[in-house]
Amino acid sequence: MSQIKPYLGNVEKNLELHEAEINKAISEKCDLIVFPELSLTGYYLRDLVSEVSIRLNSPFIKIFENYSESIAIIIGFVLEDENHNFFNAAAYFENGLLKHIHKKVYLPNYTMFEESRYLASGSEFVSFDILGQKSGILICEDALHLSSLYVYSLQGVKNIIIISNSPARGINKDNFYSQELWYNSIKFIATNMTVNTVFVNRVGVEDGITFWGGSICINSLGEIVARCDLINESNTIAVIEESVIRRSRINSPFYRDEDLSVVKNYLQRVGLL
Amino acid sequence: MNLNYKLVTDILINFIREETEKVGLKNLVIGLSGGIDSALVAVLALKAVGRERLFAYTLPYKSSSKESVEDAELLSKTFGINLQLIDITPYAEAFFNTVKVDSKLRMGNVMARMRMVTLFDVSSKHQGIVLGTSNKTELLLGYGTWYGDLASAINPIGDLYKTQVWELSSYLGIPDRLIEKKPTADLWEGQTDENELGFSYRDVDRLLYFMVDERRSRDELIGIGFSGDFISKISEMVRRNQFKRRLPVIAKISHRTIDKDFMYSRDWGY
């Protein structure tokens, strides 16, 4: 879990940051390194979106493919498709190849957020294998919606990887809103989908907005496996085990008992099916 | 309204350090009025960058109260802040005489702007940036001089109400004398903010908090116990002063107008 502080709109410098972290993770014998949302570009891009975007034939993709001979990698970046749509995207690299792309579906566009002004939204949540285990990627706001979780759960994922750029806001007496919201959501996802859940959030300040970090891994039993500092750059290693998922699904077989016909009946009743 | 001041301190110290260093600057410049807002920002800045890199100035005019300078000195002595005094009287007076400034309000605004000119000038000498010291209450009410004390490069306390400024100051160990004194712009003798505004900071902060932060409706605010007149008066002050919180309005001609469709963050490239 690499809790970095990207430079805003400087892909070259961010690449150096990624390379340093990847090399560190390789030397620690990690299997997978996860970077935050938009790790290659920074967050408040606005009109920089089209300047920092990357096509799938970009040399940057090749660089990460090469590193993925030694370690699996998840990065966040701006993807430009052949129709010149720009997406807030995540890429998964393994064994020398770009294996999966997720395009953020739920772009927040309220209060301090203005993502759908500048970006196109994705439309699906497709599971894929991370080192042989079925997994799903969620980009920040994606994880706060029920459809994403439901669709991934139906596909039988064992791991949910959330990459995030969550700003600290709503500070109150004991805690702050964004941390409460995220830690509650992550724990809910982990325990109710009975999946191992990894949340990697960035740090740093952009135009007065502090990204709070606090990256965390919670296993399917609801236990905190690893956690990074608040506010400061840091990284940590989380050990994720399949056996924990087995135990949690014996204890609490929510996954087994989930009944898709409930949704089907609803869709029929309202005339959508 | 009550905050986790440990966390707020961490966020603000990190904010000051990052927003200064990442643009390639090291030093910070601040004007110390003797009041609590600038005292708080100075202490946060000190914690962020250390005393070698913080340059504080007290900038009295001849009518400023002696207490203001003394309180700035007390703060500097307590925390070991590098403080210098520049008397703005000679150049402020030259201005008043040349331009024939004859009202208290205009004189007050000119003094605030003379201080601004001074701080921005010395910031160039120190290769530093000027810290803002306007709190959320003042910014919402427009209780400050446009391009005077409202001018700055970064403002650590602009999202804290006056009440929260007092509480954070107390948490950071700023002398009670500065926290307990009556807030004043010190533009003329005997001036206090609360007399001039006609209400107390604690009352208006409570109203602003429910109105702005919690987006309560007028009916809800009345239900909470605020008078209709007070709500109307404050809402109107907030609305009327919106211009002070924005860049100058630019007439649109092209496809890409600054701040309308030429949209970049301040931290572009950093």
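Residues numbered from 1 in each chain as written. Chains lettered and ligands numbered in written order. Predicted model: local features only at pLDDT ≥ 70, side-chain atom pairs only at ≥ 80, totals over all residues. Heavy atoms only, no water.

1. Notes on the sheet that holds strand S3 (residues 72-80) of chain A
Residue and element names in this part refer to chain A. The strand order across the open sheet formed by four strands is S2-S3-S4-S5, and the pairing between neighbours is mixed. Whereas interior strands pair on both sides, the edge strands pair on one side only; in this sheet they are strand S2 (32-34) and strand S5 (97-103). In this sheet, adjacent strand axes meet at a mean angle of 30 degrees when their direction is disregarded. Across three bridges, S2 lies against S3 in parallel orientation. Within the sheet, the bridge partner assigned to Val-34 lies in S3 and is Ile-74. (Pairing = 2+ DSSP bridges. Helix = DSSP H or I, 4+ residues; strand = E, 2+ residues; numbered from the N terminus. Axes fitted to C-alpha atoms, helices over the stretch in contact; angles between N-to-C directions.)

2. Describing the pattern of salt bridges
In total, this model carries 30 salt bridges over all chains according to the counting rule given. Taking the shortest distance from any N to any O, the salt bridge between Lys-104 of chain A and Glu-115 of chain A comes out at 3.0 Å. Here the residue Lys-104 of chain A occupies a position in the loop between S5 and helix H4 (115-118), and Glu-115 of chain A occupies one in helix H4, the gap between them amounting to eleven residues. Of the two residues examined, Lys-104 of chain A and Glu-115 of chain A, each falls in the buried class. Of the charged contacts, one joins Asp-159 of chain B and Lys-136 of chain B as a salt bridge, the two residues approaching to 2.9 Å between their closest N and O atoms. With Asp-159 of chain B in the loop between helix H6 (136-141) and helix H7 (162-171) and Lys-136 of chain B in helix H6, this pair connects stretches of sequence that are 23 residues apart. Its relative accessible area of 11% is what places Lys-136 of chain B among the buried residues. (Salt bridge = Lys/Arg side-chain N within 4 Å of Asp/Glu carboxyl O. Buried < 20%, exposed > 50% of the residue type's maximum accessible area, 1.4 Å probe, protein only.)

3. A closer look at the nonpolar core
Core analysis: the biggest nonpolar cluster contains 60 residues, and Leu-44, Leu-75, Leu-141, Leu-168, Ile-174, Leu-208 and Ile-234 of chain B have the highest contact counts within it. Top element by residues in this core is helix H2 (residues 36-49) of chain B. It accounts for eleven residues. With residues near it in sequence (within four places) discarded, Leu-44 of chain B still touches Thr-9, Leu-12, Ile-13, Ile-16, Ile-157, Leu-168 and Leu-172 of chain B. Formed by 42 residues, the second largest nonpolar core is a distinct cluster that contains Ile-137, Ile-139, Ile-189 and Met-193 of chain A. (Core = buried A, V, L, I, M, F, W, Y, C linked by side-chain atoms within 4.5 Å. Contact = heavy atoms within 4.5 Å.)

4. Brief notes about the packing of aromatic side chains
All names here are of chain A. This model, assessed by the stated rule, comprises 21 aromatic pairs over all chains. An aromatic cluster of three or more residues is present, and its members are Phe-176, Trp-182, Tyr-183, Phe-199 and Trp-212. Across the ring face of Phe-87, the terminal group of Lys-103 is positioned such that the distance to the ring centre comes to 4.6 Å. Its guanidinium or amino end placed over the ring of Tyr-255, Arg-249 lies 4.5 Å from that ring's centre, counting from NZ or CZ. (Phe/Tyr/Trp six-rings, centres within 6.5 Å; stacked < 30°, edge-to-face > 60°. Lys NZ or Arg CZ within 6 Å of the ring centre and 35° of its normal.)

5. As for the interface of chain A and chain B
Of the residues lining the interface, 27 residues belong to chain A; the matching set on chain B comes to 25 residues. At the junction of chain A and chain B, the tally comes to two salt bridges. Residue Asp-47 of chain A pairs with Arg-256 of chain B through a salt bridge whose shortest N-O separation is 2.4 Å. Our count for the contact surface shared by chain A and chain B stands at 18 residue pairs in polar contact (both at pLDDT 80 or more). Contributing elements (two or more residues each) for the side of chain A that touches chain B: H4 and strand S10 (203-206) of chain A. For the side of chain A that touches chain B, the per-class residue count stands at twelve nonpolar, six polar and nine charged. (Polar contact = N/O pair within 3.5 Å; in protein donor to acceptor, adjacent residues only side chain to side chain. Nonpolar A, V, L, I, M, F, W, Y, C, P; charged D, E, K, R; others polar.)

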